[in-house]
Amino acid sequence: MSRLHEVSVGVEVPFHDVDILHIVWHGHYYKYMELGRTALMRARGLDVADIRGLGFAQLLVDSHCRYTYPLRYADKARVSAWFVSVAPRIVVAYRIRNLTDDRCSARGQTILVTTDTEGRLLPETPDALLQRLV
């Protein structure tokens, strides 16, 4: 799998993300993936305001996460995100690594589509975005 423009962000698991067993609730992994995707898009000059400024918006239309090893309270983790493809849809892959135990905690993927500012779905990623993505 190609890792186009990979970025990584560090996370320390806060107490409010864990359950009674001090294990991260499964839904919070998506929050950590979102931190990675935000860093990836910002690194390409495409934060939300930038995309809006170009006359577009983006919708997440598909996501999945495979959990492989738990994160626990106070664990340090690294969230890596990269583009798998940018056309016709933007596909971002993720890996969440538990640095405390040096194991992969989760892998995931999201798919984004682009709309105009009125919310009309565009059939492909527009050139104005592609110029910054590749």
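Below is a summary of the structure that appears in this document.

Definitions and cut-offs
- Residues numbered from 1 in each chain as written.
- Predicted model: local features only at pLDDT ≥ 70, side-chain atom pairs only at ≥ 80, totals over all residues.
- Heavy atoms only, no water.
- Phe/Tyr/Trp six-rings, centres within 6.5 Å; stacked < 30°, edge-to-face > 60°.
- Helix = DSSP H or I, 4+ residues; strand = E, 2+ residues; numbered from the N terminus.
- Buried < 20%, exposed > 50% of the residue type's maximum accessible area, 1.4 Å probe, protein only.
- Pairing = 2+ DSSP bridges.
- Axes fitted to C-alpha atoms, helices over the stretch in contact; angles between N-to-C directions.
- Salt bridge = Lys/Arg side-chain N within 4 Å of Asp/Glu carboxyl O.

### Looking at the packing of aromatic side chains
In total, this model carries three aromatic pairs according to the counting rule given. Here the aromatic rings of Y29 and Y32 are separated by 6.2 Å at their centres, their planes lie at 65°, and the arrangement is edge-to-face. With a gap of three residues between them, Y29 and Y32 both fall in helix α1 (residues 28–43), about one helical turn apart. Here Y29 matches Y32 in class, with each residue buried. On the basis of an interplanar angle of 75° and a centroid distance of 5.1 Å, the ring pair of Y29 and Y67 is categorised as edge-to-face. One end of the pair, Y29, is in helix α1; the other, Y67, is in strand β2 (residues 56–67), and 38 residues separate them in sequence. Here Y29 falls in the buried class, since its relative accessible area comes to 4%.

### Details of the sheet that holds β2
Spatially, the five strands line up as an open sheet ordered β1-β3-β4-β5-β2, and their pairing is antiparallel. The strands lining the two open edges of the sheet, one partner per strand, are β1 (4–12) and β2. Geometrically, the sheet is characterised by an average inter-axis angle of 20° between neighbouring strands, direction not taken into account. Inspection of the sheet shows β1 paired to strand β3 (residues 76–85) by seven bridges, in the antiparallel sense. Its bridge partner lying in β3, E12 is registered against K76.

### A few points about unusual backbone geometry
A cis amide bond links A87 with the next residue in sequence, P88, at an omega value of 0°. Locating P88 in the fold gives a position in the loop between β3 and β4 (90–98). Of note, the phi angle at H22 is positive, near 65°, even though the residue is not glycine. Along the chain, H22 falls in the loop between β1 and α1.

### Some points on the pattern of salt bridges
Counted under the stated rule, the structure contains seven salt bridges. For D17, the salt bridge identified is with K31, shortest N-O distance 2.7 Å. You can see D17 sitting in the loop between β1 and α1 and its partner K31 sitting in helix α1, a full 14 residues away along the chain. E34 is the partner of R37 in a salt bridge, and the nearest nitrogen-oxygen pair spans 2.3 Å. Placement of the pair is R37 and E34 together in helix α1, with a separation of three residues, close to one helical turn. Among the residues examined, R37 registers a relative accessible area of 13% and is labelled buried. Looking at E34, the relative accessible area reads 36%, which means it is partly exposed.

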